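Below are the chains, spelled out letter by letter.
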Protein chains: 2
Amino acid sequence: MTTVQKVFSVVGSSVPRVDGIDKVTGRAQYVADLEVSGMIEGKFLRSPYAHARIRSIDTAEAEAMPGVVAVLTSTDLAGIGPYIGRGKNKDQPVIAMNRVIFAGQPVAAVAALDRATAEEALAKIQVDYEELPAVISIEEAMAEGAPRLHDFAERNLCAHHELVKGDVEKGFAEADVIVEDEFDFPMIYHYSMEPHTAIAQVDGEDITIWTSTSQAFGVRQDVAEVFHVPLSKVRVHVNFVGGAYGSKSGAKIEPLVAALARKAKRPVRVVTSVAEAMVTCRRHAITCKVKTGVKKDGTLVAKQVDIFLNTGAYAEIGPTVTGRTLTRILGPYRYPNLKINSYCVFTNTPSAASFRSIGGPQTAWATESQMDIIAQQLGIDPVELRLKNLVKKGEELRPKYRPLDTDLAKGLKLVTDKLGWDGPLSKTGHGRGVGFGTTDPGAPLASTATVHVLADGSVVFMCGTSELGQGAKTIMSQIIAEELRVSLDRVTIRPIDTAFTPFDRSTGSSRSTTVMGKALQLAGSDARRQIVELAMEYFECPEDAITLQDGAVIAAGKRITYGELINRHFADQGGELVGTGYAHSGMAPTPANPLFWEIGIGAVELSVDHETGKIHVQKYVTAADAGKAIHPLQCEGQDEGSAMMGFGHTFYEAYRWEGGQIINCSLVDYKVPTFDDVPEEFESILIEDGNGPGPYGAKGLGEGGIIPVAPAVANAVFWCTGARIKSLPLTPEKVWQAIRQARKA
Amino acid sequence: MTTVQKVFSVVGSSVPRVDGIDKVTGRAQYVADLEVSGMIEGKFLRSPYAHARIRSIDTAEAEAMPGVVAVLTSTDLAGIGPYIGRGKNKDQPVIAMNRVIFAGQPVAAVAALDRATAEEALAKIQVDYEELPAVISIEEAMAEGAPRLHDFAERNLCAHHELVKGDVEKGFAEADVIVEDEFDFPMIYHYSMEPHTAIAQVDGEDITIWTSTSQAFGVRQDVAEVFHVPLSKVRVHVNFVGGAYGSKSGAKIEPLVAALARKAKRPVRVVTSVAEAMVTCRRHAITCKVKTGVKKDGTLVAKQVDIFLNTGAYAEIGPTVTGRTLTRILGPYRYPNLKINSYCVFTNTPSAASFRSIGGPQTAWATESQMDIIAQQLGIDPVELRLKNLVKKGEELRPKYRPLDTDLAKGLKLVTDKLGWDGPLSKTGHGRGVGFGTTDPGAPLASTATVHVLADGSVVFMCGTSELGQGAKTIMSQIIAEELRVSLDRVTIRPIDTAFTPFDRSTGSSRSTTVMGKALQLAGSDARRQIVELAMEYFECPEDAITLQDGAVIAAGKRITYGELINRHFADQGGELVGTGYAHSGMAPTPANPLFWEIGIGAVELSVDHETGKIHVQKYVTAADAGKAIHPLQCEGQDEGSAMMGFGHTFYEAYRWEGGQIINCSLVDYKVPTFDDVPEEFESILIEDGNGPGPYGAKGLGEGGIIPVAPAVANAVFWCTGARIKSLPLTPEKVWQAIRQARKA
């Protein structure tokens, strides 16, 4: 299905990862591996209460301990901006002031010569708390008379978005069948292999941070705002990051580590534990109350949804996710009448952050589950029902948004063919399910890239994209090698150092290959243009007489290397050429949102052990629209990894609460998928229509595959057991009980 | 005398140094202040013999010492390129192989956990030497049957250059008076405050070096060549350098430190002592045999010179200096007939390197001394004699070279007026002398610069110029602030990191303000152009309706900051603009050499204590042609510092030799000028004709002022004592003896 646009030398090839050897030999250094001269260790004291007033903090005993360099409380932040938060939502104190509003919130921090001393010192800090009533669930938070977390937020409502199209009441009046369901998706953890880790060094106005982040420039901006210094004074280093999935977007622990380093007057490192990372951020728990009207023939006519997001203690990215759910609840289906309301609700829990496909799996859990409920009620094959209602390529999906840029029916056919779909129940009694992820991925614009062609023809480039394990270093190197017509081994990507690396908005929102990739493509072609100009002067020939090949220019049977051309241009003194590329507002189509539609399609076949409730996945097929796969193996890896991550929240994951505390915040108690969970058959399909706005027609992927997993599985469970489960995860116990319930009914 | 070209906001102002506070508070870190994680200490074992065969080296005892991590000899360099050297002169082994050819040459190196252990281990290395006859002076080196240092170099001749013009024999035939003299200028030391210091870390192909160098990119290239890796694999960090004066041009100790780190598998730091720095490099000792023919009226008609340079053990920069002496021996005078031969001679001494005005002070010592000898013989005032023979602006100075670009007579008048010249002997019996430095400063092309304008309007820029104390960080920041119309405090210069910083050829040869300054000016104006384009789009107005002021754009009474414009362009996501500027061969005039003429003029008035021979300088006037002084105070500082440095070789400095050893290689035995040596009256004059090829008409200075000092002083001594001294330094003992000699005659 690949549309070949041109002959590529390295783009489109699954080359060995450029950081592969560094990673397998352990040479790749993560933040916790770094040693900064004079560095000491920091630890945070965290609130044991979900909601409490802080009457006083006595740090005297901790401060007196040998080996303790500094003890920090909110009083140390006087005179600097004490709040952080994503975008305009600056409501989260760097460290708790007179109140804590979730269990795990930092109330003090210690810097000591070693970690054991720091931990011991934490125990010697006396905090006098006055416990207050806490709200953990949305119901509690929105209840009449509930404690209010933020003065401005009546009934703890953080944000509200609405999408209206047509007349939903009229639509329901025309419907033959109306279904109403409520679906619950719990809080879950990102589970990056590497918990939040940062080192900070503060010297006057100069602040240097080494951190595990997907957003070096976001950390720069947040820290600059907290400490009231220009962007140019904050230097953020990022090289290898052990996964992020949204948990490392924007400043997390960095401002507090910097404040601690400022007080300690020494570089301070803070390595959080998994338990600490789990209270640093998490995914939004979402409840969807969905009412859908449909004609007998399966045509969807109206949809009304109330979406409630449990956003936690602070706004963070909550308002954005709330807005995004308006599209995501639609799935890829055509509705003439819509009324979607989405409510973002504060609770006394850790703040919800970005998480692979914000609001996507939670809303698809409702929409795609309900599609099969409708199919069953109407007696229509679930695939047929979907095909009937799919928005077509070029058609509007959400009012005022860019029309759909992909052929979903074609994609669905690829997936169902691969699964061997001939109905939701196989001849052997296995259940089958399908689902879509059709999302506006955000992919915010704003990337700048530079490439330097050196006097020996070797090439280096600067790129603010974090290597999170996704293979960014490799993809970006391929783009530069392709544009400059050099072999990949001549190309070196520099680590991120915001002192030098030009701006990149973030690594996430499926934007890197598309947006930063575009900036790099333009930087590469800018440098190539300069080489061509030097060659035209050297050969005294027109541009079309020139061929670039393997780091050299060929014209009229003569050959000169890039290095020779550059040296000659710079009076035989060395020299180098710099190419610059921008991805900015001019890259966006009109209407501007989204830059592209991100597509994931999943289909599953499974059996259920009726005695234990355990689900066994026979086969899973996932498809993603890559536009153009620059590194097919990595694209498949992204899509498969995304689907496997979906297996986590489908089968295992959920924060468990007791008295305002998370009681399963360790990897013993909080299970995530492992290789044992890979389905017997696991297929991934890359769709390459070359229609993306990125380099060579690429578009983002990696966020689509996670979306349809849970509803596809729940639908398959339904078809082979009759049990319809509307809350995740699908634990054996829950499945077993649902089957018993279904049998009774 | 300033030609005002335009109104400047910050260029032309003596603003406080941007690195001033860092330097006075000690926050500025020099290489020896740096701590690289895991770093250990290295020391070099150096040959005690000026010439010897190495029969064997036994490192076993040293290697067995506790705390010793690695002991390196030449066998460890098998498989890598063992030679270094400037440009094409790759003749110097990184570490001595089977022979040493100067006392002080490294024969082994130790890396140990601390410096004391490393030093102790040096003593335990057994080197079996077979001593060979050595040549220290040019006479010894060129003598029949002298030991040959390099196979190719017959009679130890390293290089030979000749300049012929007209017919020198015919010229002498036409002359009324012919004078013949021989002048000697000894080996001297650069005396940077900071001796050579480097830290190296080697990890596979990746080599990282922190070093005190004036040529980060030269070190990169030299190290890449030695270790056979691409330029992109060698990362050189430079921030603050404690003086260089040519002693830190190109790789010096860095390849050996890297080889040691490679063997030790840990970062290694080597901090050399002053004694070690003195055997690392030095200035060329030069003997000039000068024969000049002149008419009775003072018109010069012919000059024949044989110049002999004692270049030391290896070629280093010797061939280039030898070539440069051909121009420099001319001074600023018109000769219809010339025959100049310059010979570069190997000796068993440390290699001579670049040194502030290569070949300049040594040749001016001859030419300007002899001008007064001629003046005395003809009974013409020395100033009159010079004025009569000065090359005029626009006239040829050296055949095929760019015509002179400055009015020397005007400059000389400024200086002699300031001194109150009315003859070489004052009414009070003080002697007076004048002299010129008129040189082709090299100023090689090849600089690339980038500037980033950030989303809050703060500005950062990358510039490969080393801050040697000369104030480069300040000058370069002024250029960027000027071009971008922002205040200086919004501008931050980054330290040099060749992983990111674009190429700069070197800091030296009076090139930085002119060549790198030009690249920065172009980078700044490139970024400014982008800002103007965004503003034209925003204001929907033509370019000429736009004013840039203090980081904002104003049009039609409205104002928008750069930051707001950038954010808007990058879809409100931050973003940044990158401007690039190149100084390359297109910047050079035709003929290409030199880019400009560098001018220094000096005049002195002094008295001599006839009882002790001690010279007392009443007044010294120095003038330099700045073209346009971007920072007048720093320009004056450069010119005054240059003159003061000249006082060193005039009065004190010379390597003293005994048995192939330097016997005064410590700062106790080797005196340099201090504040006590500043003349009673010390005036400096900046000439600003705005005619330089650099930004705003700037040209290089700092190398001119050192040139005329010694002959001006020696001439003044002659006029008030009758003693003519033709070898430096003018120690009291030598002056006293010369006076006695003159009295006898």
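Residues numbered from 1 in each chain as written. Chains lettered and ligands numbered in written order. Predicted model: local features only at pLDDT ≥ 70, side-chain atom pairs only at ≥ 80, totals over all residues. Heavy atoms only, no water.

A. Examining the overall build of chain A more closely. When helices and strands are counted, chain A shows 18 helices and 31 strands. Intrachain contacts of chain A at a sequence separation of at least 6 include 80% that bridge at least 24 residues. Carbon together with sulfur atoms contributes 50% to the accessible area of chain A, which is approximately 25,500 Å² in total. Positive and negative side-chain charges of chain A, numbering 76 and 89 respectively, have mean locations separated by a distance of 3 Å. (Helix = DSSP H or I, 4+ residues; strand = E, 2+ residues; numbered from the N terminus. Contact = heavy atoms within 4.5 Å. Areas by Shrake-Rupley, 256 points an atom, 1.4 Å probe, with all protein chains shown as cover. Lys, Arg positive; Asp, Glu negative; His and termini not counted. Charge placed at Lys NZ, Arg CZ, Asp CG, Glu CD.)

B. Structural view of helix H7 (residues 254-264) of chain B. Of all the 11 residues making up H7(B), nine are buried; the element is thus mostly covered by neighbouring parts of the structure. Just downstream of H7(B) lies B:Lys265, where phi reads positive at about 55°. (Buried < 20%, exposed > 50% of the residue type's maximum accessible area, 1.4 Å probe, protein only.)

C. Seen up close, the packing of helix H6 (residues 216-227) of chain B against H7(B). Residue and element names in this part refer to chain B. The N-to-C vectors of H6 and H7 enclose an angle of 50°; their axes lie 10 Å apart at closest approach. As the angle between them shows, H6 and H7 are arranged oblique. Here the hand of the crossing between H6 and H7 comes out right-handed. The segment H6 lies against H7, with Val219, Val223, Val226 and Phe227 engaging Glu254, Pro255, Ala258, Ala259 and Arg262. Split into classes, the residues belonging to the contact of H6 with H7 amount to seven nonpolar, no polar and two charged. (Axes fitted to C-alpha atoms, helices over the stretch in contact; angles between N-to-C directions. Parallel < 35°, antiparallel > 145°, perpendicular 65-115°, else oblique. Left-handed = near helix turned anticlockwise from the far one by under 90°. Nonpolar A, V, L, I, M, F, W, Y, C, P; charged D, E, K, R; others polar.)

D. Highlighting the environment of A:Gln661. All names here are of chain A. In this fold, Gln661 is placed in strand S30 (residues 661-662). It is 63 Å that separates the C-alpha atoms of Gln661 and Ala552, two residues lying 109 residues apart in sequence. For Gln661, the residues in contact, after removing those within four places along its chain, are Pro48, Tyr49, Ala103 and Arg656.

E. Here's a closer look at the environment of A:Val301. Residues and elements named next belong to chain A. Checked against the element boundaries, Val301 lands in strand S16 (residues 300-312). Sequence-wise, Val301 and Val415 are 114 residues apart; in three dimensions their C-alpha atoms are separated by 27 Å. With sequence-adjacent residues up to four places away left out, Val301 is seen in contact with Gly171, Ala175, Gly293, Val294, Lys295, Pro336 and Asn337.

F. Fine view of the packing of aromatic side chains. All told, the structure shown has 42 aromatic pairs over all chains when counted by the stated rule. Aromatic side chains A:Tyr30 and A:Phe240 sit 6.0 Å apart centroid to centroid with 45° between the ring planes, which places their arrangement in the tilted category. Here A:Tyr30, found in the loop between helix H1 (20-24) and strand S1 (40-46), pairs with A:Phe240, found in the loop between strand S13 (234-238) and helix H7 (254-264); they are 210 residues apart in sequence, far enough to count as distant. On the basis of relative accessibility, which here comes to 23%, the residue A:Tyr30 falls in the partly exposed class. Of the residues examined, A:Phe240 reaches a relative accessible area of 6% and is grouped as buried. Ring geometry for B:Tyr401 against B:Trp597: centres 6.3 Å apart, planes inclined by 40°, an arrangement best described as tilted. With B:Tyr401 in the loop between helix H11 (382-389) and helix H12 (408-419) and B:Trp597 in the loop between strand S26 (577-583) and strand S27 (598-608), the pair connects residues that are 196 residues apart, well separated along the chain. The exposure classification of B:Tyr401 matches that of B:Trp597, with both residues buried. A connected cluster of aromatic rings, assembled from ring pairs, spans A:Tyr189, A:Tyr191, A:Tyr655, A:Trp657 and A:Tyr670. (Phe/Tyr/Trp six-rings, centres within 6.5 Å; stacked < 30°, edge-to-face > 60°.)

G. Up close: the interface of chain A and chain B. Listed per partner, the contact involves 54 residues of chain A and 54 residues of chain B. Across the interface of chain A and chain B, roughly 4,100 Å² is buried in total on both sides, 55% from carbon and sulfur atoms. For chain A, the biggest contributors to the area lost against chain B are A:Ser232, A:Phe500 and A:Gln573; these three give 16% of the whole. Counting across the interface, chain A meets chain B through six salt bridges. Here A:Arg27 makes a salt bridge to B:Asp206, at a shortest N to O gap of 2.8 Å. The tally of links between chain A and chain B comes to 25 residue pairs in polar contact (both at pLDDT 80 or more). At the level of secondary structure, the elements contributing two or more residues to the side of chain A that touches chain B comprise helix H6 (216-227), strand S19 (447-453), strand S20 (459-462), helix H15 (562-569) and strand S26 (577-583) of chain A. Here the side of chain A that touches chain B gets five residues from one element, more than from any other, and that element is S26(A). (Buried area = accessible area lost by both parts, 1.4 Å probe. Salt bridge = Lys/Arg side-chain N within 4 Å of Asp/Glu carboxyl O. Polar contact = N/O pair within 3.5 Å; in protein donor to acceptor, adjacent residues only side chain to side chain.)

H. Up close: the packing of helix H14 (residues 512-539) of chain A against H15(A). Residue and element names in this part refer to chain A. Look at H14 against H15: their axes get within 10 Å of each other, and the N-to-C directions meet at 75°. When the axis of H14 is compared with that of H15, the two are roughly perpendicular. Contacts between H14 and H15 pair Ile531, Leu534, Ala535, Glu537 and Tyr538 from the former with Tyr562, Leu565, Ile566, Arg568 and His569 from the latter.

I. Here's a closer look at the relation of the copies chain A and chain B. In screw terms, the move from chain A to chain B is a rotation of 180° and a rise of 0.0 Å along the axis, fitting with an RMSD of 0.1 Å. Considering both components of the superposition, the chain copies are consistent with a two-fold axis. With an isologous cut-off of 70% or more, the 100% of interface residues of chain A that recur at the interface of chain B puts this contact in the isologous class. (Least-squares fit on C-alpha atoms with pLDDT ≥ 70 in both.)

J. Highlighting the nonpolar core. A:Val553 and B:Val553 are the most contacted members of the largest nonpolar core, which has 206 residues in total. Beyond its immediate stretch of four places on either side in the chain, B:Val553 contacts B:Ile531, B:Ala535, B:Phe539, B:Ile546, B:Thr547, B:Leu548, B:Lys558, B:Arg559, B:Ile560, B:Tyr562 and B:Leu565. Within the second largest apolar cluster, 94 residues are counted, among which are A:Leu163, A:Ala277, A:Ile374 and A:Leu408. (Core = buried A, V, L, I, M, F, W, Y, C linked by side-chain atoms within 4.5 Å.)

K. Up close: the pattern of salt bridges. All names here are of chain B. This model, assessed by the stated rule, comprises 88 salt bridges over all chains. Across the pair Arg55 and Asp128 runs a salt bridge, and its minimum N-O distance is 3.1 Å. In this pair, Arg55 sits in strand S2 (residues 52-58) while Asp128 sits in strand S8 (residues 126-131), placing the two residues 73 residues apart along the sequence. When the shortest N-O distance is used, the salt bridge between Asp677 and Lys671 registers 3.6 Å.

L. View of a negative patch on the surface. Residues and elements named next belong to chain B. Residues Glu139, Glu140, Glu182 and Asp184 make up a contiguous surface patch of negative charge. Elements with a contribution of two residues or more to the negative patch: helix H4 (138-142) and strand S10 (177-185). Checked against the element boundaries, Glu140 lands in helix H4. Owing to a relative accessible area of 39%, Glu140 belongs among the partly exposed residues under this scheme. (Patch = residues over 30% accessible without salt bridge, like charges linked within 9 Å, V, L, I, M, F, W, Y side chains within 5 Å.)

M. Structural view of the sheet that holds strand S15 (residues 285-294) of chain A. Residue and element names in this part refer to chain A. Read from one edge to the other, the open sheet built from five strands follows the order S9-S17-S16-S15-S10, with strand pairing classed as mixed. Two strands close off the open sheet at either side, each with one partner strand: strand S9 (157-165) and strand S10 (177-185). In this sheet, neighbouring strand axes are inclined to one another by 5° on average, regardless of whether the strands run parallel or antiparallel. Across eight bridges, S9 lies against strand S17 (residues 337-346) in antiparallel orientation. The partner of Glu162 across the bridge, within S17, is Asn341. Along the sheet, helix H10 (residues 360-378) makes contact with S10, S15 and S16, crossing S10 at roughly 145°. (Pairing = 2+ DSSP bridges.)

N. Broad picture of the sheet that holds S1(A). All names here are of chain A. The eight strands lie next to each other as S3-S7-S1-S14-S11-S12-S13-S22, forming an open sheet whose pairing is mixed. Pairing within the sheet leaves two strands with one partner each, and these edge strands are strand S3 (68-72) and strand S22 (496-497). Alignment of strand S11 (residues 197-203) against strand S14 (residues 268-271), held across four bridges, turns out to be antiparallel. Within the sheet, the bridge partner assigned to Ala198 lies in S14 and is Val270. Sheet strands in contact with H6 are strand S12 (206-211), S13 and S22, and its direction is about 150° off that of S13. Set on the sheet, H7 makes contact with S1, S3, strand S7 (106-112), S11, S12 and S14; between it and S11 the angle comes to about 40°.

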